[in-house]
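Coordinate analysis (summary)
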Amino acid sequence: MKIGVSSCLLGNQCRYDGAGSKFEFVVDVLSKYFELIPYCPEEMVFGIPRESIRLVDIDGEIKVISNKIQKDVTNELSAISKTLAQKAFDDKLCGFIFKAKSPSCGVERVKLYQNNSNMCEKKATGLFAQAVQEKQPFLPIEEDGRLNDPWLKENFLMQVFAYKDLGEFLDSNPTFKNLVEFHTSYKYLIYAKSQASYKNLGAIVANHEKEELGVVLENYKSSFLAAIGEKGNINKTYNVLLHIFGYFKKLIQKEEKEHILSACQEYKEGIIPLIAVIKLLNLYVKRFNQEYLKTQKFLNPYPKEFALRSDLKAYK
Ligand code: SF4
């Protein structure tokens with residue numbers, strides 16, 4: 001399973017001044033689960049060390065200008081960005097982590113200077129990040145700084161694993177029956193993001209128009225990838241917990257019901273983390289051998305060692 005990374009985040013000394021920007025979460029945690037593929041467009045085209053560059057708005061066009069000698073290097077950086085975006089596509093990545101603020105790698109809020117001035121607004125995207133997004137609009141992407149937010153981190157990793165699952169599923173020559181099974185296993189994970197998206201996906205799987213399998217899979221793919229790119233929140237997740245509880249609420253004692261409902265409520269109020277409720281629900285899933293729930297990705301979306309659901313701040 002491969003994730004693309006701005007090379008300097010791995011600690012590689014490829015920044016303009018020969019320094020790196022090691023991001024511990026990527027190097028110490030993600031490296032245990034993913035093959036990390038480094039990309040540095042600026043190193044490839046300008047070498048190390050090199051002049052620093054900035055994005056400049058010149059008559060409404062975004063140009064890349066070197067800071068000291070004011071040389072326009074837009075064409076060189078644009079060309080290498082497209083080449084590397086093609087490589088990222090060929091590498092079959094499941095996600096990409098970019099270096100924030102960089103005129104090449106920043107995804108959002110990169111400084112855009114006014115021509116011949118030091119005035120800037122944080123509103124641009126780096127050339128390489130833009131080329132990757134144009135080539136693969138649904139690829140899960142994040143920036144290093146944003147991944148310090150437990151909510152964004154949880155959403156990103158859930159998206160990465162779902163992205164990988166879909167790719168493997170589509171590569172397995174699936175039948176209509178397989179599609180129903182795949183879709184069913186993602187019911188509550190998608191519900192926790194958007195019920196409307198799950199309904200839309202359900203309509204594609206139902207295929208009332210009697211489309212060919214290839215057409216249905218193509219439609220399902222784009223809608224699924226859009227759905228997993230949505231962010232979940234605490235209220236939607238709480239509703240999913242109640243839905244899951246509904247599968248065995250008639251099979252248990254009053255005190256047990258109260259215990260589970262109060263755990264769900266405490267999660268909603270930010271008193272206990274989601275993992276505490278999931279552990280409790282999983283006990284009942286096992287006890288009543290709920291085959292339908294056992295297949296739900298929502299209950300096990302990624303390796304538990306990430307411990308993302310142990311953080312109260314992972315849900316907003
Ligand atoms: S931000 Fe991107 S271009 Fe700049 S050093 Fe890091 S990988 Fe290279």
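Each remark here, short or long, concerns the structure printed above.
The present account deals with the structure reproduced in this document. Quick caveat: nothing in here was measured; it's all calculated off a predicted structure. (Residues numbered from 1 in each chain as written. Predicted model: local features only at pLDDT ≥ 70, side-chain atom pairs only at ≥ 80, totals over all residues.)

**Considerations on the sheet that holds strand E4 (residues 61-66)**
Either a parallel or an antiparallel arrangement is found when strands of a sheet pair, and the pairing is made through backbone hydrogen bonds. In space, the four strands of this open sheet follow the order E4-E3-E6-E7, with mixed pairing throughout. Every other strand in the sheet has two partners, leaving E4 and strand E7 (120-124) as the edge strands with one partner each. Ignoring which end each strand starts from, the neighbouring axes of this sheet average 45° apart. Summarising the sheet, strand E6 (residues 110-114) and E7 pair through four bridges and their orientation is antiparallel. (Pairing = 2+ DSSP bridges. Helix = DSSP H or I, 4+ residues; strand = E, 2+ residues; numbered from the N terminus. Axes fitted to C-alpha atoms, helices over the stretch in contact; angles between N-to-C directions.)

**Regarding the site of the ligand**
Cys8, Cys40, Lys99, Ser102 and Cys105 are the nearest of the 13 residues found near the ligand. Among the elements that make up the shell around the ligand, the one with the highest residue count is helix H2 (residues 41-46) (three residues). (Near = placed C-beta within 6 Å.)

**Points about the nonpolar core**
Counting 77 residues, the largest nonpolar core has Ile3, Phe96, Val132 and Val277 as its most contacted members. Sort the elements by how many residues they give to this core and helix H5 (residues 150-171) lands first, with eight residues. Residues lining this core come from more than one domain, with at least three contributed by each of domain 1 (2-148) and domain 2 (149-316). When near neighbours in sequence (up to four residues on either side) are disregarded, Val132 contacts Ala85, Ala88, Phe96 and Leu139. (Core = buried A, V, L, I, M, F, W, Y, C linked by C-beta atoms within 7 Å. Buried ≥ 20, exposed ≤ 12 C-beta atoms within 10 Å, placed from the backbone. Domains from an automatic or database assignment. Contact = placed C-beta atoms within 7 Å.)

**So, the environment of Glu35**
Relative to the helices and strands, Glu35 resides in strand E2 (residues 35-39). C-alpha separation for the pair Glu35 and Gly4, spaced 31 residues apart in sequence, amounts to 8.5 Å. Residues contacting Glu35, with those up to four places away along its chain left out, are Met1 and Lys2.

**Section: the environment of Val73**
Here Val73 shows up in the loop between E4 and helix H3 (74-90). On the basis of neighbour count, Val73 is assigned to the partly exposed category, with 17 C-beta atoms found within 10 Å. Residues Val73 and Lys63, spaced ten residues apart in sequence, show a C-alpha to C-alpha distance of 7.8 Å. Apart from residues no more than four positions distant in its own chain, Val73 is found in contact with Ile53, Val64 and Ser66.

**Some remarks on the packing of helix H10 (residues 234-246) against helix H12 (residues 274-287)**
Where H10 meets H12, the closest approach of the two axes is 11 Å, and the angle between their N-to-C directions is 10°. One way to sum up the angle between H10 and H12 is to call them roughly parallel. Facing Thr237, Leu241, Ile244 and Phe245 of H10, the residues of H12 in contact are Leu274, Val277 and Leu281. Here the residues of the contact of H10 with H12 are counted per class, giving six nonpolar, one polar and no charged. (Parallel < 35°, antiparallel > 145°, perpendicular 65-115°, else oblique. Nonpolar A, V, L, I, M, F, W, Y, C, P; charged D, E, K, R; others polar.)

**Points about the sheet that holds strand E8 (residues 141-143)**
If you trace the four strands from one edge of the open sheet to the other, you get E2-E1-E5-E8, paired in parallel fashion. Edge positions in the open sheet fall to E2 and E8, since each of these has one partner strand only. Strand-to-strand, the axes of this sheet are offset by a mean angle of 25°, without reference to chain direction. Pairing between strand E1 (residues 2-6) and strand E5 (residues 95-98): three bridges, direction parallel. For Ile3, the partnering residue across the bridge sits in E5 and is Gly95.

**Describing the packing of H10 against helix H11 (residues 254-268)**
Running from N to C, H10 and H11 cross one another at 170°; their axes reach a closest spacing of 10 Å. With respect to H11, the axis of H10 lies roughly antiparallel. On the side of H10, the interface is formed by Ile234, Tyr238, Leu241, Leu242 and Phe245, while H11 contributes Ile260, Cys264, Tyr267 and Lys268. Of the residues contributing to the contact of H10 with H11, the split by class is eight nonpolar, no polar and one charged.

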